[in-house]
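Overview (structure and organization)
Chain by chain, the residues:
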Amino acid sequence: MKFADLHLHTQFSDGTFTPEELAGHGARLGFAALALTDHDSVEGCARMAAACAAAGIEFIVGAELTAEHDHTEVHILGYFLDTQNQTLLTEIARFQAVRQQRIREMVARLNKLNVPLGVESVFALANCKSPGRPHVARALVKAGLVASLDEAFERFLKKNRPAWVPKARMSALEGIDLIHQAGGLAVMAHPGLNRTDDVIPALVDAGLDGIECFHTKHSTVMAERYLEIADRFHLLVTGGSDCHGFSKGKPLIGGVKLPYEHVEKMKQAVAAKKSATTDAHR
Ligand SMILES: [Zn+2]
Ligand SMILES: [Zn+2]
């Protein structure tokens, strides 16, 4: 039986593993295919592709876009993206600038609260173009300003806490379009996490290709519910661990094993889209 994990993060966003470490864990766990889905970034894909090739693992290019629909935060996964696509790269650069500005605002709020964190220490620790809240939390711990990541979020960074800054997000429909024009498949990430079921029909109308049924934080009941929704709307089924590194002493990768047949269906869908565009251009 072949398995895949299609939801993974590295140091190119807020994960703690390098692409090489992640591919190493994937190989040890016997995965046939892995996809990298860093937040608003495809920067790590080249290194991940090389690391997977060296480990004999099939690699799928991906990214996870932060978006919203009707004021609900929705994460859209893009798979089989063309990482040279100019529109995709331009838009990603724009999202990354927004993320960097949000970090500056969070640090400014912390400074006003007499928490002497330097913004450069956050950027140095993040060391990537897609910094996020976890990097601010880690920088606070590293500077000895809080005792733990939990304390950083509870006291300052959680929604509606004093250093929290709302996220500017693209619309989910724009996200789906962006993924499509870069040749990819658009998949709704972890619908069970943000209670986003209400927005599924609108995303399907906008051309959503798939739904992440299997996820670390989905119960068996949730997975069954989303499998049923996938069936009803004729959506592809995906799954992944959403690994950001170690969790309780173990790498999170390995906890979700998507049967490889779903990867095959995704590849058929991409091929069908490609031939449809070629036909249209003839
Ligand atoms: Zn997500
Ligand atoms: Zn994720």
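Our subject is the structure that appears above.
Since we're looking at a predicted model, the values are computed, not measured.

Structural notes on the overall build of the protein
Looking only at helices and strands, one finds ten helices and eleven strands in the protein. For 282 residues, the compact-globule estimate of 2.2 N^0.38 gives 19 Å, and the protein sits close to it at 19 Å. With the C-alpha coordinates of the protein rotated into their principal frame, the extents come out at 60 × 40 × 40 Å. Counting across all 282 residues of the protein, residues that qualify as buried make up 49%. Across the protein, contacts joining residues at least 24 apart in sequence account for 69% of those joining residues at least 6 apart. Of the roughly 13100 Å² of accessible surface on the protein, a fraction of 53% belongs to carbon and sulfur atoms. Taking the average location of the 31 positive side-chain charges in the protein and that of its 33 negative ones, the two points are 6 Å from each other.

Points about the coordination of the zinc ion (ligand 2)
With distances of 2.1 to 2.2 Å, the protein atoms coordinating the zinc ion (ligand 2) are H7 (NE2), H9 (NE2), E64 (OE) and D242 (OD). Considering all four donor atoms around the zinc ion (ligand 2), the spread of angles at the metal, 79 to 173 degrees, places the coordination shape in the irregular class. Counting residues between consecutive donors of the zinc ion (ligand 2) along the chain gives the motif H-x1-H-x54-E-x177-D. For the pair the zinc ion (ligand 2) and the zinc ion (ligand 1), the metal-to-metal distance amounts to 3.6 Å, and E64 bridges them.

Quick look at the packing of helix α1 (residues 19-28) against helix α2 (residues 45-55)
Where α1 meets α2, the axes come as close as 8 Å, and the angle between the chain directions of the two elements is 35 degrees. For the pair α1 and α2, the crossing hand works out as right-handed. Of the residues in α2, those in contact with P19, E20, L22, A23 and A27 of α1 are R47, M48, A51, C52 and A55. In the contact of α1 with α2, the residues fall into eight nonpolar, no polar and two charged.

Focus on the coordination of the zinc ion (ligand 1)
Bound to the zinc ion (ligand 1) are the protein donor atoms E64 (OE), H75 (ND1) and H190 (NE2), situated 2.1 Å from the metal. Read in sequence order, the donor residues for the zinc ion (ligand 1) give the motif E-x10-H-x114-H.

Examining the pattern of salt bridges
All chains considered together, the criterion is met by 14 salt bridges. Across the pair K129 and E43 runs a salt bridge, and its minimum N-O distance is 3.8 Å. Taken together, the positions of K129 in the loop between α4 (119-126) and α5 (133-142) and E43 in the loop between β2 (33-36) and α2 put the pair 86 residues apart, joining distant regions of the chain. On the basis of relative accessibility, which here comes to 44%, the residue K129 falls in the partly exposed class. Classification of E43 as partly exposed rests on a relative accessible area of 33%. E228 is the partner of R232 in a salt bridge, and the nearest nitrogen-oxygen pair spans 3.2 Å.

A closer look at helix α9 (residues 220-232)
For α9, spanning 13 residues, the distance from its first C-alpha to its last is 18 Å, which sits close to the expected 18 Å at 1.5 Å a residue. For α9, the complete set of buried residues consists of A223, Y226, I229 and A230. Taken around the axis of α9, the buried residues stretch over an arc of 120 degrees, which confines them to a single face. Away from its buried face, by an angle of more than 90 degrees, α9 presents the exposed residues T220, V221, E224 and D231. Where α9 is buried, its residues meet α8 (200-205), β7 (210-215) and β8 (236-240).

About the thresholds
- Residues numbered from 1 in each chain as written.
- Chains lettered and ligands numbered in written order.
- Predicted model: local features only at pLDDT ≥ 70, side-chain atom pairs only at ≥ 80, totals over all residues.
- Heavy atoms only, no water.
- Helix = DSSP H or I, 4+ residues; strand = E, 2+ residues; numbered from the N terminus.
- Rg over C-alpha atoms; globule rule 2.2 N^0.38 Å.
- Buried < 20%, exposed > 50% of the residue type's maximum accessible area, 1.4 Å probe, protein only.
- Contact = heavy atoms within 4.5 Å.
- Areas by Shrake-Rupley, 256 points an atom, 1.4 Å probe, with all protein chains shown as cover.
- Lys, Arg positive; Asp, Glu negative; His and termini not counted.
- Charge placed at Lys NZ, Arg CZ, Asp CG, Glu CD.
- Donors = N, O, S within 2.8 Å, 3.2 Å for Na, K, Ca; no water.
- Tetrahedral: all angles 85-135°; square planar, octahedral: opposite > 155°, others 65-115°.
- Axes fitted to C-alpha atoms, helices over the stretch in contact; angles between N-to-C directions.
- Left-handed = near helix turned anticlockwise from the far one by under 90°.
- Nonpolar A, V, L, I, M, F, W, Y, C, P; charged D, E, K, R; others polar.
- Salt bridge = Lys/Arg side-chain N within 4 Å of Asp/Glu carboxyl O.
- Expected span 1.5 Å × (residues − 1).
- Arc of directions from axis to C-beta.

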